[in-house]
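Observations on the three-dimensional arrangement
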Amino acid sequence: MIGVPRMGAGRCFLRLAPRSRFSVQGVVELMSGTRIVVNEEAHLEIGDGTYLHCGVTVSCFEHIAIGPDCAISWNTTILDGNGHVLIVEGKGRPWSKPVIIDEHVWIGSGATVLSGVTIHEGAVVGAGSLVTRDVPCRTTVAGNPARILGEDAEWVKDREVCLDSPLKVDRPTGHSDQPPPFPKPGPPDVAR
Ligand SMILES: CC(C)(COP(=O)(O)OP(=O)(O)OC[C@H]1O[C@@H](n2cnc3c(N)ncnc32)[C@H](O)[C@@H]1OP(=O)(O)O)[C@@H](O)C(=O)NCCC(=O)NCCS
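Residues numbered from 1 in each chain as written. Predicted model: local features only at pLDDT ≥ 70, side-chain atom pairs only at ≥ 80, totals over all residues.

Right, let's talk about the site of the ligand for a bit. Not every one of the 14 residues close to the ligand is listed here, only the nearest: Gly-108, Ser-109, Gly-126, Ala-127 and Ala-142. Of all elements in the fold, only β20 (140-142) and β21 (147-150) reach the threshold of two or more residues within the shell around the ligand. For the shell around the ligand, the residue count by class is 5 nonpolar, 9 polar and no charged. (Near = placed C-beta within 6 Å. Helix = DSSP H or I, 4+ residues; strand = E, 2+ residues; numbered from the N terminus. Nonpolar A, V, L, I, M, F, W, Y, C, P; charged D, E, K, R; others polar.)

Structure, rendered in structure tokens:
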């Protein structure tokens, strides 16, 4: 499904260069404003049940594989190459290195995933993170560069499923179908 309007309208941009491949399994949602470029002879794969939220950019120079059941949040950028030739101290740096995003990975809004990274199954990437290294299975990472915040993480896409599941997330007290009262602000939690 291309151009699903979740957070307003916005055209999707899809450019498939000659001899490139874009493989999709099952149902994949590319929401409004998604931009995808697959360069010559590159291969982009996306698995069943994964969505790319509004404004996600994917720039594929070689091979990007995004597994099934992933949530790629708005304004995230995923790229597997530099896009320009880089020579440092007389040596050429790699033009591209594949990116693998395994099954059931959640990437928070505005994150950037750089070339050569593998994000393993069940991992969570915090909003605005810059991912430069592999992320282990079921680990939360965040920051620039992204560092491990916690291990043995579990996440589910749908909050209602979560509230009724054995995952035992905190349920707001007095939960009902009505929204909770607006909380009174406490003392500020200031960084020192
Ligand atoms: C990464 C995330 C999931 C972690 O949640 P959490 O486990 O509840 O983490 P906490 O809020 O307890 O934060 C733990 C520490 O990590 C830091 N941190 C949390 N998220 C961060 C982020 N995105 N970037 C940098 N640091 C972050 C906190 O400041 C805190 O640091 P401290 O211990 O020095 O105070 C969450 O902060 C996040 O970024 N969610 C993304 C939400 C999003 O983009 N949703 C889009 C809709 S799909």
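So, next bit.
All right, on to the pairing of strand β5 (residues 35-38) then. Burial of the side chains of β5 is restricted to one face: Ile-36 and Val-38 are buried, whereas none of Arg-35 and Val-37 on the reverse face is. Bridge analysis of strand β2 (residues 13-16) against β5 gives 4 bridges, and the strand direction is parallel. The partner of Arg-15 across the bridge, within β5, is Val-37. Bridge analysis of β5 against strand β8 (residues 57-60) gives 4 bridges, and the strand direction is parallel. Among the inter-strand pairings, Val-37 is bridged to a residue of β8, identified as Ser-59. (Buried ≥ 20, exposed ≤ 12 C-beta atoms within 10 Å, placed from the backbone. Pairing = 2+ DSSP bridges.)

Turning next to the sheet that holds strand β6 (residues 43-46). Pairing in this open sheet of 5 strands is parallel, and the strands run β3-β6-β9-β14-β17 from one edge to the other. Looking along the sheet, the strands with just one partner apiece sit at the ends: β3 (21-24) and β17 (118-119). When strand β14 (residues 99-101) meets β17, the two strands line up parallel, connected through 2 bridges. Residue Ile-101 lies in a different strand from β17, and its bridge partner there is Ile-119.

So, about the nonpolar core. Side chains that are nonpolar tend, in soluble globular proteins, to be buried together. The biggest cluster of nonpolar side chains holds 35 residues, and the ones touching the most others in it are Leu-44, Val-113, Ile-119, Val-125 and Val-131. With residues up to four places along the chain from it excluded, the contact list for Val-113 reads Ile-78, Val-99, Ile-107, Ile-119 and Val-131. (Core = buried A, V, L, I, M, F, W, Y, C linked by C-beta atoms within 7 Å. Contact = placed C-beta atoms within 7 Å.)

Considering the arrangement of structural elements, one finds Thr-132 in the loop between β19 (130-131) and β20. With 14 C-beta atoms counted inside 10 Å, the residue Thr-132 sits in the partly exposed group. A C-alpha to C-alpha distance of 7.1 Å links Thr-132 and Ala-146, two positions 14 residues apart in sequence. Excluding residues that lie within four positions of it along the chain, Thr-132 makes contacts with Leu-114, Val-117 and Pro-145.

Take the sheet that holds strand β10 (residues 71-72) next. Strand order in this open sheet of 8 strands is β1-β4-β7-β10-β15-β18-β20-β21, and the pairing throughout is mixed. The outermost strands of the open sheet, each flanked by one partner alone, are β1 (2-4) and β21. Where strand β15 (residues 106-107) and strand β18 (residues 124-125) come together, 2 bridges link them in parallel fashion. Bridge assignment links Ile-107 to a residue of β18, and that residue is Val-125.

So, about unusual backbone geometry. A cis amide bond links Asn-144 to the next residue, Pro-145, at an omega of -5°. Here Pro-145 shows up in the loop between β20 and β21. In this model, Asp-152 sits at a positive phi of 55°, which is unusual for a non-glycine residue. Looking at the element boundaries, Asp-152 is found in the loop between β21 and α1 (159-163). Looking at Asp-152, the number of C-beta atoms within 10 Å reads 9, which means it is exposed.

So yeah, pure geometry; function would need other evidence.
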